[in-house]
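# Fold and contact review
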Amino acid sequence: MNIIHNTDIGTKQKALAINLDPKIYGSFAEIGAGQDVAANFFKAGASSGTIAKTMSAYDMIFSDAIYGVQQVRRYVSEPRLISMLDHEYDLLIERLAVQRGDTTTFFAFSDSVSALNYHKTNEGHGWMGVRFQLEPNGAFNDVVLHVKLLDNDTNLQQQAVGILGVNLMYACFYYHENPPVFLLSLLDNLSKDRIQIDMIRFEGPNFTKVDNRLMSLHLVKYGFSDAAVFGPDGKNMQPSEVLYKKHIVVIRGRFRPIINVHLDMLNTGVKQFMQEPDVDETNVMVITELTLQSLKERNADETAEIDEKDFLDRVDILCSLGQTVLISNFHEYYKLVAYLSKITKLKMGVVLGFPNLEYIFSEEHYKDLPGGILESFATLFSRKVKLFIYPTLRDGVIWNCLRFYPPPHLIDLYRYLIANNKIEDIRHYKESNLHVQTDIVLQLIKQGADGWEQFVPPEVATMIKDRCLFGYHCAIEPAKEDVATATNGEDATPSTV
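Residues numbered from 1 in each chain as written. Predicted model: local features only at pLDDT ≥ 70, side-chain atom pairs only at ≥ 80, totals over all residues. Heavy atoms only, no water.

Within the protein, the regular secondary structure consists of 17 helices and 16 strands. The C-alpha radius of gyration computed for the protein amounts to 25 Å, which stays within 12% of the reference 23 Å derived for 497 residues, consistent with globular compactness. Projected onto the principal axes, the alpha-carbon positions of the protein cover approximately 80 × 60 × 40 Å. Expressed as a percentage of contacts within the protein between residues at least 6 apart in sequence, the contacts between residues at least 24 apart total 75%. Seen as two clouds, the 48 positive and the 63 negative side-chain charges of the protein have centres 3 Å apart. (Helix = DSSP H or I, 4+ residues; strand = E, 2+ residues; numbered from the N terminus. Rg over C-alpha atoms; globule rule 2.2 N^0.38 Å. Contact = heavy atoms within 4.5 Å. Lys, Arg positive; Asp, Glu negative; His and termini not counted. Charge placed at Lys NZ, Arg CZ, Asp CG, Glu CD.)

Written out as structure tokens, the structure is:
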């Protein structure tokens with residue numbers, strides 16, 4: 001079924017279309033930031049055909065009495081939202097299913113939102129979700145999202161919540177068969193400088209074919225957010241809730257595929273980070289990061305569409321290794337650190353290969369900044385962050401921090417960073433890994449060459465073979481190749497890590 005995204009339909013028209021649909025009936029429960037979603041349906045007209053109840057348990061004691069006391073005592077949180085959806089939807093079924101269940105598709109809309117306070121000392125954000133049927137007496141589906149409110153005025157933030165809520169309701173009933181259209185429609189009558197959506201999750205019988213990891217990718221790809229996170233189970237997570245008050249260790253790469261070098265970088269880098277005196281090793285979150293650019297690098301034209309299967313192949317392997325994955329639009333490291341620093345004030349570690357240290361000190365990458373490289377370094381190194389550098393092999397010589405020579409006018413700056421414990425070599429690495437290049441391993445996989453398995457973790461080799469990933473030809477007898485070719489080349493450490 002070809003679903004067309006009508007960008008001309010207004011908020012009032014959407015609300016009225018739902019109000020005039022005799023099958024759609026349910027309740028609204030909104031905490032904080034006014035009652036703007038329900039208000040739009042009342043103002044559109046014919047709301048009696050849609051709304052069974054609206055309410056707002058604004059007081060914390062009332063909220064706990066109705067929805068239960070949460071383990072995490074935060075009222076603008078996903079657990080609070082889920083408890084609201086559970087309670088309101090169950091009430092609908094309990095009270096109305098017998099009378100009108102055969103002709104009605106029930107819904108429960110809930111949100112818990114914190115708009116700007118009077119002194120504007122907080123950041124507006126909220127959780128929003130819909131539990132809904134698409135067939136009378138059918139099983140329910142859930143769509144849950146997290147939104148950041150960017151307007152610098154409380155009334156404008158409340159207005160944005162009202163519009164987004166109507167867009168979400170409309171998408172659930174009219175765009176559910178096309179998730180990309182669903183996503184794009186959420187910004188109807190809004191703009192990206194008013195809201196950001198950094199988490200969305202689809203669950204239920206009508207969304208069994210939706211891969212929520214792809215939805216994370218789409219959030220970043222469409223510019224809804226600069227970053228999105230999902231866990232080893234593939235479940236989308238809101239970045240602030242996952243990383244809040246955590247020590248973060250991040251490694252960036254293409255991971256096409258992940259090879260032994262990557263795991264050695266990660267394991268040795270994390271181990272050294274844990275030994276830092278100001279790090280609580282019981283409170284560390286490890287993140288593997290994929291950037292949009294790294295997903296486009298395989299194409300000569302960087303404006304080309306991202307290969308979604310290739311993306312899923314990579315993250316399937318990362319998830320199978322227990323990794324939490326961050327997708328971002330941060331090409332420069334200082335932008336990544338600035339983003340993470342808004343979430344946690346604790347010390348962070350960035351694990352990277354020697355070629356990326358050279359990249360960071362290349363001034364040509366900061367021409368768009370008024371303060372050039374110094375401005376980027378002020379962002380990157382003024383935070384509690386430390387870079388852990390994995391060495392590279394070139395012409396038989398191992399290159400590390402001691403062999404790095406920045407341009408003469410940056411030497412003193414580099415020495416300052418070394419002396420102040422901002423940059424450190426990774427120790428105890430496996431020197432045998434330095435002879436291996438990711439791109440050559442990928443070629444061996446595509447050729448079906450003997451022996452490529454030795455360059456990747458055993459579970460990764462098994463998955464590549466079982467699922468024919470990265471061009472591996474399952475049905476073709478592997479060609480006899482000299483695996484020694486994988487150990488040739490000038491820069492053996494993956495330059496993209």
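What the rule picks out here adds up to 24 salt bridges. The partner of D313 in a salt bridge is K309, with the nearest N and O atoms 3.0 Å apart. Placement of both D313 and K309 in helix α11 (residues 308-320) is noted, with a separation of four residues, approximately one turn of the helix. One connected set of salt bridges, linked through shared partners, spans E276, D278, K347, K386, E424 and R427. (Salt bridge = Lys/Arg side-chain N within 4 Å of Asp/Glu carboxyl O.)

Right, let's talk about the side chain of H176 for a bit. For H176, the location among the structural elements is in the loop between α5 (154-174) and α6 (179-185). Taking relative accessible area as the criterion, H176 reaches 16% and is therefore assigned buried. The contacts of H176, once residues within four sequence positions are left out, are L134, A171, F182 and F207. (Buried < 20%, exposed > 50% of the residue type's maximum accessible area, 1.4 Å probe, protein only.)

This part takes up the sheet that holds strand β10 (residues 284-291). On the basis of which strands lie adjacent, the open sheet formed by eight strands has the order β8-β7-β11-β10-β9-β12-β13-β16 and mixed pairing. Of all the strands in the sheet, the pair left with one neighbour each is β8 (236-237) and β16 (423-425). By the bridge criterion, four bridges tie strand β7 (residues 227-230) to strand β11 (residues 324-328) in an arrangement that is antiparallel. Residue V229 lies in a different strand from β11, and its bridge partner there is L326. Here α11 sits on the sheet and contacts β7, β10 and β11; the angle it forms with β10, its principal contact strand, is near 165°. (Pairing = 2+ DSSP bridges. Axes fitted to C-alpha atoms, helices over the stretch in contact; angles between N-to-C directions.)

Glancing now at the packing of helix α12 (residues 333-341) against helix α14 (residues 372-382). Where α12 contacts α14, the two axes come as close as 8 Å, and the packing angle between them is 40°. Looking at the two axes, α12 sits oblique to α14. In terms of crossing hand, the pair formed by α12 and α14 is left-handed. When α12 is examined against α14, the residues Y333, Y334, V337 and A338 are found in contact with a partner set consisting of S376, T379 and L380. A per-class count over the contact of α12 with α14 returns five nonpolar, two polar and no charged. (Parallel < 35°, antiparallel > 145°, perpendicular 65-115°, else oblique. Left-handed = near helix turned anticlockwise from the far one by under 90°. Nonpolar A, V, L, I, M, F, W, Y, C, P; charged D, E, K, R; others polar.)

A word on the sheet that holds strand β6 (residues 195-203). The mixed open sheet is built from six strands, whose spatial order is β2-β1-β3-β4-β5-β6. Pairing within the sheet leaves two strands with one partner each, and these edge strands are β2 (51-55) and β6. Averaged over all pairs of adjacent strands, the angle between strand axes in this sheet comes to 10°, irrespective of strand direction. Sheet analysis places strand β1 (residues 24-31) next to β2, joined by four bridges and oriented parallel. Residue A29 lies in a different strand from β2, and its bridge partner there is M55.

Turning our attention to the nonpolar core. Formed by 104 residues in total, the largest nonpolar core has its most connected members in L168, F182, L186, I200 and F311. Here the element with the most residues in this core is α5; it accounts for eleven residues. Counting 39 residues, the second largest nonpolar core, distinct from the first, contains V242, M285, I343 and F377. (Core = buried A, V, L, I, M, F, W, Y, C linked by side-chain atoms within 4.5 Å.)

Attention now moves to the pairing of β10. Buried residues dominate β10, accounting for six of its eight residues. Across six bridges, strand β9 (residues 247-252) lies against β10 in parallel orientation. Bridging across to β10, R252 finds its partner in E289. Once the chain exits β9 it traverses helix α9 (residues 260-274) before rejoining the sheet at β10, and the crossover so formed is right-handed. (Right-handed = clockwise from strand over helix to strand, strands pointing away.)

Moving on, we get to helix α3 (residues 60-67). When we look at burial in α3, the residues that qualify are S63, D64 and Y67. Seen along its axis, α3 keeps its buried residues to an arc of 95°; they face one direction. Exposed side chains of α3 directed beyond 90 degrees from the buried face belong to I61, F62 and A65. Buried positions along α3 lie against β1, β2 and α4 (78-100). For α3, the N-terminal cap is D59; the gap from its side-chain oxygen to the backbone nitrogen of I61 is 2.8 Å. (Arc of directions from axis to C-beta. Polar contact = N/O pair within 3.5 Å; in protein donor to acceptor, adjacent residues only side chain to side chain.)

Before going further, it helps to spend a moment on the packing of aromatic side chains. Within this structure, the stated rule accounts for 24 aromatic pairs. Here the aromatic rings of Y89 and F140 are separated by 5.2 Å at their centres, their planes lie at 65°, and the arrangement is edge-to-face. Of the two residues, Y89 sits in helix α4 while F140 sits in the loop between β4 (124-132) and β5 (141-149), which places them 51 residues apart along the sequence. Aromatic side chains F202 and F207 sit 5.1 Å apart centroid to centroid with 70° between the ring planes, which places their arrangement in the edge-to-face category. Residue F202 shares its accessibility class with F207, and that shared class is buried. In this arrangement the basic side chain of R100 is found over the ring face of Y25, its NZ or CZ atom lying 3.7 Å from the centre. A cation over an aromatic ring shows up here: R252 above the ring of Y333, its NZ or CZ 4.5 Å from the ring centre. (Phe/Tyr/Trp six-rings, centres within 6.5 Å; stacked < 30°, edge-to-face > 60°. Lys NZ or Arg CZ within 6 Å of the ring centre and 35° of its normal.)

A separate point is unusual backbone geometry. Residue R256 is joined to P257 through a cis peptide bond whose omega torsion reads -5°. Inspection of the secondary structure puts P257 in the loop between β9 and α9. Here the phi dihedral of F470 falls at roughly 55°; this positive angle occurs in a residue that is not glycine. In this fold, F470 is placed in the segment after α17 (458-467). Given a relative accessible area of 5%, F470 falls into the buried group.

Right, let's get into the state of the cysteines. All told, the structure shown has zero disulfides when counted by the stated rule. There is no disulfide at C319, and the cysteine sulfur nearest it, in C468, is 20 Å away. A residue is classified by how much of its surface remains accessible, and C319, at 8% relative accessible area, is buried. (Disulfide = S-S within 2.5 Å.)

So, to be careful, I would describe these as geometric facts and stop short of saying anything about function.
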